[in-house]
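Fold and geometry: a report
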Amino acid sequence: DFSKAMSQAGTSQFQEVIRQELEYSMKVELDKILATAPSNELEHTKKDLEGFKKLFHRFLQEKGPSVDWEKIQRPPEDSIQPYEKIKARGLPDNIASVLNKLVVVKLNGGLGTSMGCKGPKSLIGVRNENTFLDLTVQQIEHLNKSYNTDVPLVLMNSFNTDDDTKKILQKYSHSRVKIYTFNQSRYPRINKETLLPIAKDVSYSGENTECWYPPGHGDIYGSFYNSGLLDNLIGEGKEYIFVSNIDNLGATVDLYILNHLMNPPNGKRCEFVMEVTNKTRADVKGGTLTQYENKLRLVEIAQVPKAHVDEFKSVSKFKIFNTNNLWIALSAIKRLQERNAIDMEIIVNPKTLDGGLNVIQLETAVGAAIKSFENSLGINVPRSRFLPVKTTSDLLLVMSNLYSLNAGSLTMSEKREFPTVPLVKLGSSFTKVQDYLRRFESIPDMLELDHLTVSGDVTFGKNVSLKGTVIIIANHGDRIDIPAGAVLENKIVSGNLRILDH
């Protein structure tokens, strides 16, 4: 046993030496990169690289999935409240004064590349020519007009989306919404083999675009604080932010949740509220809220030991998942940021670049910080508050007559007999937005649809109606044109179908 202990001590010493060498090499490389920064970018770049260095240090310290599966417990009953209970409290007469303490923050760092679009995802048209950003501004403008309030909108951009977003913001200069932006950090991608940055200088245009990445939305705390905007908003008397993904069309300001935060029933304010909703079989990968070492904690699939992944995905054991709609106290962000006390697990995201180089990027998730805040709470909200548009299949749902649009908010049509959305799977011919739009002469009537699967070269004429379960499969080399006015109810269409106008 003695020799075993000695060899273990030797191994850990050896690992420690390697870790120190890696950190030193990284520091040398980052200093070289910093030396290439022009004077007007120096301070900003320095902050970014300092933040990256801290993340890299933690990455070298931590080993394997960062949760001990045995310690995971179900959250206590009162730590996740049903939305109905919060809504039942009603609203106070002075809801305007409560609204004036709120700031809406949208995570706007993502590009529309997964849907075949260049530029920020928030500028993709989703409904009657309106983009994600248009709908967001309309919602807040409607709030401000209805209650005579001043709720501002803050966009967290990335270096990928900042320029395009700022250009487009000019069109809202006369709207009744103050709009602010700040940028999340820009971190260097790391060569998977050498664990050194692939960037040689600070530039991020041309061939250097692939050298840098925005480090996930967990970066919001540091970037918001460093931008000075956090302090400005606290100075204006703002108390809470409502944070959500800009592509979640269900994430509108909820007055009942806001009232619960500002006027808590037990007199003790929550610093962090996470909206969760019930899992369906489509959401098995979503992060879930658990009790861990006496704190509420978000556990993501990437942190789960391999042997327990199936258990994690089970709808019966973990019934809810994180919608990434979060309500956070500004004063708490400031306090924790100043103490360097926000603890978020590192997500290691492997990528293969166009030239075949394998890199990793170190990221964090905004919801993972829940365990650092005091008096956190989960609220189990209706599914309608989670309406993300990640693919053209999602886009088809929100463009269809399943939803009506009112003041920037989408609501499920009253003509739909059941509250769940149909399951839609569009094949690879529909992945890019421009291809998708070309294949639908008009969006089909989907009020009575349960399930739609489309694969291959398929086009839809005008005023098609889809009901029940519809499966349309065009074999390789074949093409199926669904004629104008067709009604498909519980149908499987396959092979080759061309109906031409005479």
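Residues numbered from 1 in each chain as written. Predicted model: local features only at pLDDT ≥ 70, side-chain atom pairs only at ≥ 80, totals over all residues. Heavy atoms only, no water.

Some thoughts on helix α9 (residues 255-262)
When you tally the buried positions in α9, you get seven out of eight residues, the bulk of the element. Listed in full, the buried residues belonging to α9 are Leu255, Ile257, Leu258, Asn259, His260, Leu261 and Met262. (Buried < 20%, exposed > 50% of the residue type's maximum accessible area, 1.4 Å probe, protein only. Helix = DSSP H or I, 4+ residues; strand = E, 2+ residues; numbered from the N terminus.)

What about the pairing of strand β6 (residues 179-183)?
As judged from the five bridges shared by strand β5 (residues 153-157) and β6, these two strands associate in the parallel manner. Bridge pairing in β6 places Val154 opposite Tyr180. In this fold, the crossover linking β5 to β6 by way of helix α6 (residues 162-169) has right-handed handedness. (Pairing = 2+ DSSP bridges. Right-handed = clockwise from strand over helix to strand, strands pointing away.)

A closer look at the domain arrangement of the protein
Note: interface size is frequently given as the accessible area lost on complex formation between the parts. Here the protein is described as being made up of domain 1 (69-385) and domain 2 (392-494). Once you take the C-alpha centre of each, domain 1 and domain 2 turn out to be 30 Å apart. Summed over both partners, the interface of domain 1 with domain 2 comes to about 1300 Å²; 62% of that surface belongs to carbon and sulfur atoms. On the domain 1 side of the interface with domain 2, the three residues burying the most area are Met115, Arg127 and Leu249, jointly 43% of the side's total. Here domain 1 is connected to domain 2 by zero salt bridges. At the boundary of domain 1 with domain 2, the tally comes to five residue pairs in polar contact (both at pLDDT 80 or more). (Domains from an automatic or database assignment. Buried area = accessible area lost by both parts, 1.4 Å probe. Salt bridge = Lys/Arg side-chain N within 4 Å of Asp/Glu carboxyl O. Polar contact = N/O pair within 3.5 Å; in protein donor to acceptor, adjacent residues only side chain to side chain.)

Notes on unusual backbone geometry
Even without glycine at this site, Leu195 takes up a positive phi of about 55°. Note on placement: Leu195 falls in the loop between β8 (190-191) and β9 (212-213). The phi angle at Ala407 is positive, at roughly 50°, despite the residue not being glycine. Tracing the chain through its elements places Ala407 in the loop between β18 (403-406) and β19 (409-412). Classification of Ala407 by relative accessible area gives partly exposed; the value is 27%.

A closer look at the nonpolar core
Counting 107 residues, the largest nonpolar core has Tyr221 and Phe460 as the members making the most contacts within it. There are two domains that each give this core at least three residues, and those are domain 1 (69-385) and domain 2 (392-494). Beyond its immediate stretch of four places on either side in the chain, Phe460 contacts Phe430, Arg439, Phe440, Glu441, Pro444, Val454, Leu466, Ile472 and Ile482. With 26 residues, the next largest nonpolar core counts Leu49, Phe52, Leu195 and Ile360 among its residues. (Core = buried A, V, L, I, M, F, W, Y, C linked by side-chain atoms within 4.5 Å. Contact = heavy atoms within 4.5 Å.)

Observations concerning the sheet that holds β6
As summarised here, the arrangement of the eight strands in space is β1-β17-β11-β14-β10-β2-β5-β6, forming an open sheet in which the pairing is mixed. The sheet is open, and its two edges are formed by β1 (80-82) and β6, each paired on a single side. For this sheet, the mean angle separating the axes of adjacent strands, direction not counted, is 25°. Here strand β10 (residues 240-245) runs beside strand β14 (residues 320-329); their pairing, made up of four bridges, is antiparallel. Within the sheet, the bridge partner assigned to Ile241 lies in β14 and is Ile328. (Axes fitted to C-alpha atoms, helices over the stretch in contact; angles between N-to-C directions.)

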